[in-house]
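What follows is each chain in one-letter form.
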Amino acid sequence: MPKDDRTRSFPPSGGPRRAPPAREEIRVHTPREIYDHLDRYVIGQTAAKRAVSTAAHQHLKRIDQRRLDKPTLLRKSNVLLMGPTGSGKTHIARKLADLLEVPFTVVDATEYTEAGYYGKDVEVMVAELLFKSGHSIDATERGIIFIDEIDKIARRSGSSRTGAGSRDIGGEGVQQALLKLLEGREIFVPLNVTQHWNKHDFVQVDTSDILFICAGTFTDLHQAQVDKQVGFGAEGRRQGGSRLRVKELVEYGMLAEMLGRLPVQVQLKELSPDELYQVLTAPPDSLVKEYREALKLDGVELELREGALQAVVRYAIDKRLGARGLRSILEEVLADVLFEAPERRGQTVVVDLAFCETRLAKLDGAALRDD
């Protein structure tokens, strides 16, 4: 794969220094434009969508000012999304990247270790963004990195306040290494993601304009909030209702310095039954529309009755799967229909409540046997 012009200062034969390639224009979307785009695809989570829209707008303005070589006081607007699984954290980040038309990569924080240990160094996440951008450094330096499972690198040593205790190579050390990326510095990034241990092929990348969106469930903290909800009127509250404070996150094991570099902290709520139903049916890329199109390609019309969809929603809520679990549930319900679709060309398949409950009962039985 050809390297970007900026990875080489001089041509192989020597000669004059090459001028860097022209930078692309940056379109500064307004917060309302960003919010309206997210609102088409992400159900609920109004506060989260507004916060992310504002942070993205500030980020675009900062990039624009820096590229015009104008002095600016705007700081990086890195985002921390906190909420239960299936609440839309990854979905918000992915749809944001689609609108901004920038390179986007999703990485798992648990794959990284402190430098010098077996595992990935944090610079590799920038290398993955570089790969997604076709090795264009200019595109990489305005991309978005989504770091999932950020709560899994919380400080785990027993005597964390004194600095004593067991070596925590996958926790505090990784947080310390991430500080320089979040703050924005020029770092050396491996060109080959699969051979990041090779110390020869590196390129310099400035992370000052890379937007980092970190996400985590912080399960223990959320569970503590749910347990506290006792007494009159507590039954109707949803997970994530009260705001997590910085003090609680520090006690959980997150470094205060890291939280300081994630100024936009947003808490997502658990989706209600009505919102989960809308996830199934309302967005342009909803699951119902997707499965209808898949079967239409086989010449089969799919009719999903409302009762069946409500049963799917109830199952997702009972199992605490959130929106993420809707696809796997529908896949199980429609397994036979999808398998037999090419043989039923020209037919209309109706999936009603009775059919759906029968399939879900079998799914429950299989789960019990696995346990």
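A quick note: this is a predicted structure, and the numbers were derived from the prediction, not measured.

Reading the values: rules and limits
Residues numbered from 1 in each chain as written. Predicted model: local features only at pLDDT ≥ 70, side-chain atom pairs only at ≥ 80, totals over all residues. Heavy atoms only, no water. Phe/Tyr/Trp six-rings, centres within 6.5 Å; stacked < 30°, edge-to-face > 60°. Lys NZ or Arg CZ within 6 Å of the ring centre and 35° of its normal. Helix = DSSP H or I, 4+ residues; strand = E, 2+ residues; numbered from the N terminus. Expected span 1.5 Å × (residues − 1). Buried < 20%, exposed > 50% of the residue type's maximum accessible area, 1.4 Å probe, protein only. Contact = heavy atoms within 4.5 Å. Salt bridge = Lys/Arg side-chain N within 4 Å of Asp/Glu carboxyl O.

Engineer: Outline the packing of aromatic side chains, listing residues and values.
Structural biologist: What characterises a pair of aromatic rings is the spacing of the ring centres plus the angle enclosed by the ring planes. Inspection of every chain in the model, using the stated rule, returns one aromatic pair. One residue, Lys95, lies across the ring of Tyr41, its end atom 4.4 Å from the ring centre.

Engineer: Report on helix α3 (residues 89–100), specifying residues and quantitative values.
Structural biologist: Compared with an ideal rise of 1.5 Å per residue, which puts twelve residues at 16 Å, α3 spans 17 Å between its outermost C-alpha atoms and is within 8% of the ideal. Counted residue by residue, α3 has nine buried out of twelve residues, so it is predominantly covered. Along α3, the residues classified as buried are Lys89, Thr90, Ile92, Ala93, Lys95, Leu96, Ala97, Leu99 and Leu100. Next to the buried residues of α3 lie α1 (31–41), α2 (46–67), β1 (79–82), β2 (104–108), β3 (144–148) and β6 (211–216). Positive backbone phi, approximately 55°, marks Glu101, located one or two places after α3.

Engineer: Can you lay out the pattern of salt bridges for me, pointing to particular residues and giving the numbers?
Structural biologist: Throughout the structure, instances matching the rule amount to 18 salt bridges. Lys49 is the partner of Asp39 in a salt bridge, and the nearest nitrogen-oxygen pair spans 2.5 Å. With Asp39 in helix α1 and Lys49 in helix α2, the pair connects residues that are ten residues apart, well separated along the chain. Taking the relative accessible area as the measure of exposure, Lys49 reaches 1% and is therefore buried. Arg261 is paired through a salt bridge with Glu183; the nearest N and O atoms lie 3.3 Å apart. A residue pair is termed long-range when its members are at least 10 positions apart, and Arg261 in the loop between α9 (256–260) and β7 (264–267) and Glu183 in helix α6 (residues 172–183) qualify at 78 residues. Classification of Glu183 as partly exposed rests on a relative accessible area of 38%. Taken together, the shared-partner salt bridges in this structure form one network comprising Lys95, Asp98 and Asp285.

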